[in-house]
Amino acid sequence: LDSKSKINNFDFFCFHCPFSKQVEKALISLIASDEQTLREYTNQKLQEDEIIKILKSEINCPQTYKTLSKVLSDFVSQKVGSSLQISREVGNIYTGSLYLSLASTLNNLRESKLENDTRIFLYSYGSGVAASIFSLKLKQGADLNKILGNKSWMGNLESRIKITISDYDNFS
């Protein structure tokens, strides 16, 4: 992220989401990739020698990830938690997973009445070499029901009926 697009400039993050741990790790990796950002978000939670050790290590190092995951858990939950809610219910939908993450975030924001402008960072990648990074700004007071419809997406998911495989096989 360049200086104009620092992590704290975004209210929420939506990522391509094959599984939720990958999304959490992506945000932690963004924070760990920049010394100033790392210091900002781990301030008063880590000692200086711990920060230096993290800066010198690879994010894929299990101990580094474990330390940052613990220290940043509230921040990560605040920034990506709402984007993962629907994905955790329906699983990986592959190509559409970024947009399901966005829908999940918007579904959760619908209750807040958007008292301020809201910035959302979006990142998606394909199975090849292509990737897309872009942001979206929701204006204060935006009517999210015009985008999402009036029904709660989670309400629809919660009203699902569990059936057996044999019942499924008998559908005509």
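Everything that follows concerns the structure shown earlier in this document.
Residues numbered from 1 in each chain as written. Predicted model: local features only at pLDDT ≥ 70, side-chain atom pairs only at ≥ 80, totals over all residues. Heavy atoms only, no water.

## Focus on the packing of helix α1 (residues 20–32) against helix α5 (residues 73–90)
Across the interface, α1 lies against α5 with an axial gap of 10 Å and an inter-helix angle of 155°. One element, α1, and the other, α5, form an angle in the roughly antiparallel class. By crossing handedness, the relation of α1 to α5 is classed as right-handed. Side by side, α1 and α5 meet where Ser20, Val23, Glu24, Leu27, Ile28 and Ile31 of the first sit next to Phe75, Val76, Lys79, Val80, Leu84 and Arg88 of the second. Taken together, the residues that form the contact of α1 with α5 break down as 8 nonpolar, 1 polar and 3 charged. (Axes fitted to C-alpha atoms, helices over the stretch in contact; angles between N-to-C directions. Helix = DSSP H or I, 4+ residues; strand = E, 2+ residues; numbered from the N terminus. Parallel < 35°, antiparallel > 145°, perpendicular 65-115°, else oblique. Left-handed = near helix turned anticlockwise from the far one by under 90°. Contact = heavy atoms within 4.5 Å. Nonpolar A, V, L, I, M, F, W, Y, C, P; charged D, E, K, R; others polar.)

## A closer look at the environment of Asn60
Inspection of the secondary structure assignment puts Asn60 in the loop between α3 (48–56) and α4 (62–71). Exposure remark for Asn60: the relative accessible area of 57% places this residue in the exposed category. In the structure, Asn60 is positioned 35 residues away from Lys25 in sequence and 9.3 Å away in space, judged by C-alpha atoms. (Buried < 20%, exposed > 50% of the residue type's maximum accessible area, 1.4 Å probe, protein only.)

## Notes on helix α6 (residues 97–109)
In an α-helix, one turn spans 3.6 residues; hence positions three or four apart end up facing the same way. Given a rise of 1.5 Å per residue, 13 residues ought to cover 18 Å, and the 18 Å separating the end C-alpha atoms of α6 matches this to within 8%. Across the 13 residues that make up α6, a large majority, 11, are buried. Those residues of α6 that fall on the buried side of the exposure criterion are Ser97, Leu98, Leu100, Ser101, Leu102, Ala103, Ser104, Thr105, Leu106, Asn107 and Leu109. Residues of α6 that are buried sit in contact with β1 (12–15), α5, β2 (118–125), β3 (131–138), α7 (145–148) and α8 (153–158). (Expected span 1.5 Å × (residues − 1).)

## Focus: the sheet that holds β2
Reading across the sheet, the 3 strands line up as β1-β2-β3 and stay open at both edges, with mixed pairing between neighbours. Two strands in the sheet have a free side with no partner beyond their single neighbour: β1 and β3. Neighbour-to-neighbour, the strand axes of this sheet turn through a mean angle of 15°, independent of strand direction. The pairing of β1 with β2 spans 4 bridges and is parallel. When the sheet's bridge partners are listed, Phe15 is paired in β2 with Tyr123. (Pairing = 2+ DSSP bridges.)

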